[in-house]
Amino acid sequence: MQTSSPLAAEAAAPGVAVRVRGLGKTYAGGFTALQDVDLDIRKGELFALLGPNGAGKTTLISIVCGIVNPSRGTVTADGHDVTREYRAAREKIGLVPQELTTDAFETVWNTVSFSRGLFGKAKNPAYIEKLLRDLSLWDKKDSKIMMLSGGMKRRVMIAKALSHEPEILFLDEPTAGVDVELRRDMWEVVRGLRERGVTIILTTHYIEEAEQMADRVGVINKGRIMLVEDTAELMRKLGEKRLILQLSEPLQRVPETLASHRLTLAADGRELVYTYDAQGERTGITGLLRELSAAGITFRDLSTKQSSLEEIFVNLVRSSQ
Amino acid sequence: MNLRAIAAIYRFEMARTRRTLLQSIVAPVISTSLYFVVFGSAIGSRITEVDGVSYGAFIVPGLIMLNLLTQSVSNASFGIYFPKFTGTIYEILSAPVSYLEIVLSYAGAAATKSIMLGIIILATAALFVPLRIEHPLWMLLFMFLTAATFSLLGFIIGIWADNFEKLQLVPLLIVTPLTFLGGSFYSIHMLPPLWQKVTLFNPVVYLVSGFRWSFYGLADVSVGLSLGMIVLFLAICLATIAWIFRTGYRLRT
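Given the structure is predicted, the values throughout are model-derived calculations rather than measurements. (Residues numbered from 1 in each chain as written. Chains lettered and ligands numbered in written order. Predicted model: local features only at pLDDT ≥ 70, side-chain atom pairs only at ≥ 80, totals over all residues.)

## Looking at the sheet that holds strand β4 (residues 72–77) of chain A
All names here are of chain A. If you trace the four strands from one edge of the open sheet to the other, you get β2-β1-β4-β5, paired in antiparallel fashion. Looking at the sheet topology across the chains shown, the edges are occupied by β2 (32–42) and β5 (80–81). As defined by bridge partners, strand β1 (residues 16–26) adjoins β2 across seven bridges and the pair is classed as antiparallel. The residue of β2 that forms the bridge with T26 is T32. (Pairing = 2+ DSSP bridges. Helix = DSSP H or I, 4+ residues; strand = E, 2+ residues; numbered from the N terminus.)

## As for the sheet that holds strand β14 (residues 299–306) of chain A
Residues and elements named next belong to chain A. The strand order β12-β13-β11-β14 describes an open sheet built from four strands, whose pairing is antiparallel. Unpaired on one side and paired on the other, β12 (263–266) and β14 mark the two borders of the sheet. The average undirected angle you get between the axes of adjacent strands in this sheet is 25 degrees. (Axes fitted to C-alpha atoms, helices over the stretch in contact; angles between N-to-C directions.)

## Here we look at the UniProt feature "transmembrane region" (unreviewed entry) in chain B
All names here are of chain B. Residues given the UniProt feature "transmembrane region" (unreviewed entry) here are residues 21–43, 55–82, 115–133, 140–161, 167–188 and 225–245. Between the end C-alpha atoms of residues 55–82 there is a gap of 40 Å, over a span that is 100% helix and 0% strand. Across residues 140–161 one finds 95% helix and 0% strand; the C-alpha atoms that close the span lie 31 Å apart. (UniProt positions renumbered as here; feature names shortened; annotations may be inferred.)

## Some points on the interface of chain B and chain A
Listed as interface residues are 20 residues of chain B and, on the opposing side, 26 residues of chain A. Where the side of chain B that touches chain A is concerned, the elements lending two or more residues are α1 (3–19) and α4 (89–93) of chain B. It is α1 of chain B that contributes the most residues to the side of chain B that touches chain A, six residues altogether. Here the side of chain B that touches chain A is composed, by residue class, of nine nonpolar, seven polar and four charged. (Contact = placed C-beta atoms within 7 Å. Nonpolar A, V, L, I, M, F, W, Y, C, P; charged D, E, K, R; others polar.)

## A few points about the domain arrangement of chain A
Taken domain by domain, chain A holds domain 1 (6–235) and domain 2 (240–307). For domain 1 of chain A versus domain 2 of chain A, the distance between C-alpha centres works out to 44 Å. (Domains from an automatic or database assignment.)

See below:
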């Protein structure tokens, strides 16, 4: 297919699953949920969109999926404008929304088959069966949804989103309120989808999950994208390291002579924590240990700890307040 | 056109009827039978004939129209309101489905249900009174157009309503009174001259009159005018729905 304009050429860029340009959303009441958002989601990646409550994550997802009208800007899915070429765009997309919204009186089989039909796909009982088996729903296929537990309902919603074999899958807080077993099962399914080349966009409050699973991370706050980075690179760039010294004798306060170091006391004065930049040319550890010895402070043990994505996320959001 | 999506929504809505058979079919049939018992014996003994048609037979088109109107409105309004209420509307809005396809499937299912009900009531009426249908094709056309138009009206109400009270407001406070006052149980020629003129502002008069004409060749207003009015209501509903979808009113924020 030929593209006739720079915008179309950009939208159809190879390797891009979702392209967002200059996106803004102001609701009728005047609340601006998104401001000038630019974002590219690469094909086949697992992208974690992180942000505090009310940051604009769900609005962004809703616009891409066609549930909310944008006020400004453009969104393309696999090169198709989500407004002008909505059929082609939406055929590619599956959505698991945050809220547990299901047809209470329908059976699992019927509701998943309904979703497939809604997306214009021919019946495929073999595929639906495999899907239900993968999500441990096969035994419940003839059960009415209202008879299922919350975790099972969440599985049904995932099955519905996957029923039309989407190439792009949005998971909006998929693990909220579900038990450990389901979370493990669900991540297995997500891994399987990624291996098959499905692009996955995930929002979650369980940031350790994003840290483990995501190829890239985007942080959104107050309707603006604050950063987009490879997860490993983000951890390397913004991650801090801490040296934790378990003291032989507890301290009441950090001695004045050591004030130039980034030292804090923890565990009721039994631990001395030194925070440093692991990527820096000089960590300052050698000098610190020398000064500790000179001050007569001894320790029984020591360990180091890398800051988590959650800590990086919290710092980023705090710094933007 | 996404025919599979239309079929999926249509089947889903029809399945809801099967699940609620008592409420959807049995209840209206019983209440219609009660009308025959009450109106047929209580009033029918005083008004034996209207323009040469026995009173019991005279009210059959009006009773069918009453059910057609109220059921079309309530089926269609509930059909689209319920997904809004439960939140499952997200799936319809995020699917590759056009507005036309959404309306066709929801209003089509509602119209199908009310036409089925109309035919069942017709068959029930035949057990109570001698019936004749002089213009069966016109009867079917009137039935179809009325069911389609009021299903579209129901769809509009379902979109507009943001609580269950509003959902019931228009059917209970507007549609049912207009139907009772629209000549369902009497000929408007039985009214005093002033009320004969006032009642012409009631759109249901034209629907009942045209429908009754298809049975007995009797009409309060000309058949052409009845047909014209139905088509006008249809056009108004279609224009309103087009506006709803163009603006995203109460669907897409």
